[in-house]
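Residue-level listing of the chains:
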Amino acid sequence: MADNITPILELKNVVSAYGRIKALKGISLKVFPGEIVTIIGANGAGKSTTLMTICNIITAVEGDILYKGERINNIASDILPSMGLCQVPEGRRIFPRLTVMENLDMGAFFRKDAADIKHDLERVFELFPKLRERRKQLGGTLSGGEQQMLAMGRALMSSPKVLLLDEPSMGLAPLLVKQIFDIIRMINSQGVTVVLVEQNANLALQCAQRGYVLETGTVVMEDEADKLLTNPDIRKAYLGE
Amino acid sequence: MRGSEHWIHMEFFIQQLINGITLGGVYALIALGYTMVYGIIQLINFAHGEFFAAGGYMGVILISWLASQGLHPYACLALALALSMGYCALLAMAVERLAYKPLREASRLAVLLSALGMSIFLQNGLMLTQGVYDKGYPTEITSGGFEWGLVSVSYMQIFIVGLTATLLVGLNILVFKTRIGRAMRATSQDKVMSALVGINSNRIISITFAIGAGLAAAAGIMVGLYYGSVNYSMGFVPGIKAFAAAVLGGIGNITGALIGGLIIGMVEIFAAGYISGEYKDVFAFIILIGVLYFRPSGIMGENIDDTRV
Ligand SMILES: Nc1ncnc2c1ncn2[C@@H]1O[C@H](COP(=O)(O)OP(=O)(O)O)[C@@H](O)[C@H]1O
Ligand SMILES: [Mg+2]
């Protein structure tokens, strides 16, 4: 990406810890408007911690998190969705005892624009027709794939500018994974910047334009996605060769 | 002869049933506060009974004052009710802000101790400002009633049951049909995810305390009217009975609090009527211990928990 464009999201030397144990040891990364950027890495590398730190669920102990050029380290988690920064967390975190419809409503919790909300709801139902069928069912009764769709639908109801996705393929059958990735591309083509965290590095790198490789809380490599895909070290470490 | 004796039994039974519903409804109103707060922050708010007492006192003070201003008795009652509920709601928000919010990241035991401390503080505050003696309630506001043979229903009971039902319906609408109710349920289910969709959990916690205390205040006024007086320490025993009701119903579950309250009220009244009046307070505790021992999740426990806050 050209240097004269400001990143929509940027991390500069971000350090994050659980108690005294540092999970992120100074992470720097940039995400430009309109991109799909992937963060890959083994289990425990710090991918989820990175997303939770961006959303200030875990507060960074050092470094800067910039969103649209503004430092957001001290902005409360519950303010960020209204600024356009949304996350579909690991494990989906559907509200199990709210109905599908209520879960979707929660995505639009902070919004007041009734007409636009209705429009977005229609869009979500078009992307995920299953959700319309099941709108009266409790979230906790959905299958894994349906929960992933609901989690993404709920995030879309926030009308995000930047969408952070944490392992959307986790635990899903191959056909569903393909469907979810198609929808990620579609959402991105409609102008949403996507940060895609994945253990399934192959799929993620095929979907993204650029990628970061995380190892024990440190960025060990960053490059264009297709270069990472053909990088022998990456193929060996993350693509099972 | 046999027939009429049968009727006396029947009428006695019906009378107990009516009294049981009245008392059970009051316990349910208090139990809701325990259960909603537990549902949101997993705290047994030991100070909750004090909101009930504070409501009872604020009620009698306001009713007397409003009556002295020449208001119609019903208007006095309605206004005193609304203002006392509002007062206790604000009091509970202040208590939460001062005694619980600073301990959000602390251990559960620390918060529990803070709640106990708050309970002692509030009860003593009431004693110091209102004295140790019972304060009489102007029960003539709702005197009179209906009688069918041996069964009598006072206007007061009708008022209490009617108000309880109204508040329960209102709460149900609030929790299950409104945006704020959805946010309360979401917060109780997953605080991190709630934050990620833009819910300010501190605000929701504060609102939950306010609602619980408002309902307890209404119960305090009802009890004052029903028994004819209030006392600074009146929050303790009904508080524990309502807690027993909340546990019996399944703590955290709104429908459970209602069922638990009605059962505890019924058991108490029937035990007093058929066994012994002296031991009526014991039964709630026996139920509490029994539930905790045999089925800690209560009647509406984890498996059928879609009505949790
Ligand atoms: N809640 C937690 N408490 C303590 N340590 C944690 C917690 N969550 C994650 N960790 C640790 O932080 C590191 C990074 O975890 P995580 O961000 O979940 O990795 P990833 O998402 O890449 O699998 C791991 O060593 C993990 O054990
Ligand atoms: Mg993870």
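Refer to the preceding data block for the structure.
Only a predicted model underlies this, so the values are computations on that prediction, with no experimental measurement involved.

(A) Local environment of the interface of chain A and chain B. Residue-level contacts link 23 residues of chain A with 20 residues of chain B. Across the chain A to chain B interface the summed buried area is about 2,100 Å²; carbon plus sulfur atoms make up 62%. Summed over the shared surface of chain A and chain B, the result is four residue pairs in polar contact (both at pLDDT 80 or more). Residue contributions to the side of chain A that touches chain B peak at four residues, all from helix α3 (residues 100-107) of chain A. Counted by class, the side of chain A that touches chain B contains 12 nonpolar, three polar and eight charged residues.

(B) Up close: the environment of Glu122 of chain A. Residues and elements named next belong to chain A. Mapped onto the elements of the fold, Glu122 is located in helix α4 (residues 114-127). Exposure remark for Glu122: the relative accessible area of 35% places this residue in the partly exposed category. With 10 residues separating them along the chain, Glu122 and Arg132 place their C-alpha atoms 9.2 Å apart.

(C) Layout of the site of ligand 1. All names here are of chain A. Taken together, the residues surrounding ligand 1 are Tyr18, Ala23, Ala42, Asn43, Gly44, Ala45, Gly46, Lys47, Ser48, Thr49 and Glu90. A distance of 3.0 Å is found between an oxygen atom of ligand 1 and a backbone nitrogen or oxygen belonging to Gly46. Protein contact buries 55% of the 560 Å² of open area that ligand 1 shows by itself. With three residues, helix α1 (residues 47-54) is the largest single contributor of residues to the shell around ligand 1. Within the shell around ligand 1, the residues separate by chemical class into four nonpolar, five polar and two charged.

(D) A look at a nonpolar patch on the surface. Residue and element names in this part refer to chain B. There is a patch of nonpolar side chains on the surface, built from Trp7, Met10, Phe12, Phe13, Leu17, Ile21, Val161, Tyr274 and Ile275 and spanning about 820 Å² of accessible area. Sort the elements by how many residues they give to the nonpolar patch and helix α1 (residues 2-41) lands first, with six residues. Structurally, Ile275 is set in the loop between α10 (254-274) and α11 (280-294). Residue class for Ile275 comes out exposed when judged on its relative accessible area of 64%.

Here is what the cut-offs are and how they apply
- Residues numbered from 1 in each chain as written.
- Chains lettered and ligands numbered in written order.
- Predicted model: local features only at pLDDT ≥ 70, side-chain atom pairs only at ≥ 80, totals over all residues.
- Heavy atoms only, no water.
- Contact = heavy atoms within 4.5 Å.
- Buried area = accessible area lost by both parts, 1.4 Å probe.
- Polar contact = N/O pair within 3.5 Å; in protein donor to acceptor, adjacent residues only side chain to side chain.
- Helix = DSSP H or I, 4+ residues; strand = E, 2+ residues; numbered from the N terminus.
- Nonpolar A, V, L, I, M, F, W, Y, C, P; charged D, E, K, R; others polar.
- Buried < 20%, exposed > 50% of the residue type's maximum accessible area, 1.4 Å probe, protein only.
- Near = heavy atom within 4 Å.
- Areas by Shrake-Rupley, 256 points an atom, 1.4 Å probe, with all protein chains shown as cover.
- Patch = residues over 30% accessible without salt bridge, like charges linked within 9 Å, V, L, I, M, F, W, Y side chains within 5 Å.
- Salt bridge = Lys/Arg side-chain N within 4 Å of Asp/Glu carboxyl O.

Geometric values such as these leave the question of function open.
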